[in-house]
Amino acid sequence: MAIFSNQATLTYSGGTTSSNIVTGEILDVLSVTKTAVGDTYRAGDTISYVVSLINSGATPLTGITLTDNLGAYPFGTGTVTPLDYVDGSLLYYTNGVLQGTPTVTAGPPLTVSGITVPAGGNATVVYSVTLNAFAPVGAGGSVTNTVTATGAGTLEPATAEETVTVVDEAVLSITKALSPTTVPENGVITYTFEIFNSGNAEAVATDNVTVTDTFDPILSGLTVTLDGVTLTEGTDYTYDEATGVFTTVPSRITVPAATVTQDPVTGAFTTVPGNVTLTVTGTV
């Protein structure tokens, strides 16, 4: 919307007079909305966006250019961009009918030029992006990106933005090591389990983290520790010496969240998983 006003001046012999001031407004005919297909993300995810342009005027709008800032945000003395356009992913429709692909420049920013929005109609642009190392993955992180439509026949740029938020969750993995790998009969061995959490939320007691293993050969005289603290059979774990089945008690193991840091120079995020160490020592 643009507001305008003007006033006329009348001059004649002997004087000058002014008219009243008239005010009017010109309504924008182009509007834009942007919607993410899914409002959450994890590190490295691909997100699809749907951008809808509506022309409420009686004349087609041609030569419209769409610009997406790909979530760019200030960092240090510059700007970093957390989203990368997926080459070849863009689809362009007018009034629901698929059109040829317009001119696309991956950027950043992403630009799409040569769009036509029919009179009283709409155009829809669909495309995908991937999250890169500049996307916040710590708890509460989010990416907001803005799309802007400009071109002949538009008074002011039409803009829309969409925000997606990171999923706050624990993401666990486990490794197992044996020491020593060669042992005499009736010798002592130790199994070491490293449990890693690459997620941004702690794995808490209610997550019921449980380690189960069937030792073959069966062990006897177990000693079990968690991060160096000795665990108690029956309270912290169960073990069947007849079958070799070992199981930690659900809720006994918790795993800290990953540590997420942002490089003060580049702005890239680095994730260091949280971890705990479970050891089981016994006689073969």
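This one's a predicted model, so the numbers in the text were calculated from it and none came from an experiment.

Draft legend 1. Main features of the pattern of salt bridges. The tally for this structure, following the rule as stated, stands at 4 salt bridges. Residue Asp213 pairs with Lys176 through a salt bridge whose shortest N-O separation is 2.5 Å. Taken together, the residues Asp213 in strand E19 (residues 212-214) and Lys176 in strand E17 (residues 172-179) connect sequence positions 37 residues apart. The class for Asp213 is buried, based on a relative accessible area of 13%. Here Arg252 and Asp236 are joined by a salt bridge, their closest N and O atoms 2.8 Å apart. Of this pair, Arg252 sits in the loop between strand E23 (245-248) and strand E24 (259-262) while Asp236 sits in the loop between strand E21 (229-230) and strand E22 (237-240), and the two are 16 residues apart along the sequence.

Draft legend 2. Structural view of the pairing of strand E6 (residues 61-68). Bridging between E6 and strand E13 (residues 110-117) involves 6 bridges; their strand directions are antiparallel. Across the sheet, residue Thr65 finds its bridge partner in E13, namely Ser113. The sheet contact formed by E6 and strand E15 (residues 142-150) spans 4 bridges and is antiparallel. Residue Leu66 lies in a different strand from E15, and its bridge partner there is Ala149.

Draft legend 3. Spotlight on the sheet that holds E22. With antiparallel pairing, the 3 strands of this open sheet are ordered in space as E19-E23-E22. Both edges of this open sheet fall to E19 and E22, since each of them pairs with a single strand only. Recorded for the sheet is a direction-independent mean angle of 10° between the axes of neighbouring strands. Two elements, E19 and E23, share 3 bridges in a ladder whose sense is antiparallel. Bridge pairing in E23 links Thr214 to Val245.

Procedures and definitions
- Residues numbered from 1 in each chain as written.
- Predicted model: local features only at pLDDT ≥ 70, side-chain atom pairs only at ≥ 80, totals over all residues.
- Heavy atoms only, no water.
- Salt bridge = Lys/Arg side-chain N within 4 Å of Asp/Glu carboxyl O.
- Helix = DSSP H or I, 4+ residues; strand = E, 2+ residues; numbered from the N terminus.
- Buried < 20%, exposed > 50% of the residue type's maximum accessible area, 1.4 Å probe, protein only.
- Pairing = 2+ DSSP bridges.
- Axes fitted to C-alpha atoms, helices over the stretch in contact; angles between N-to-C directions.

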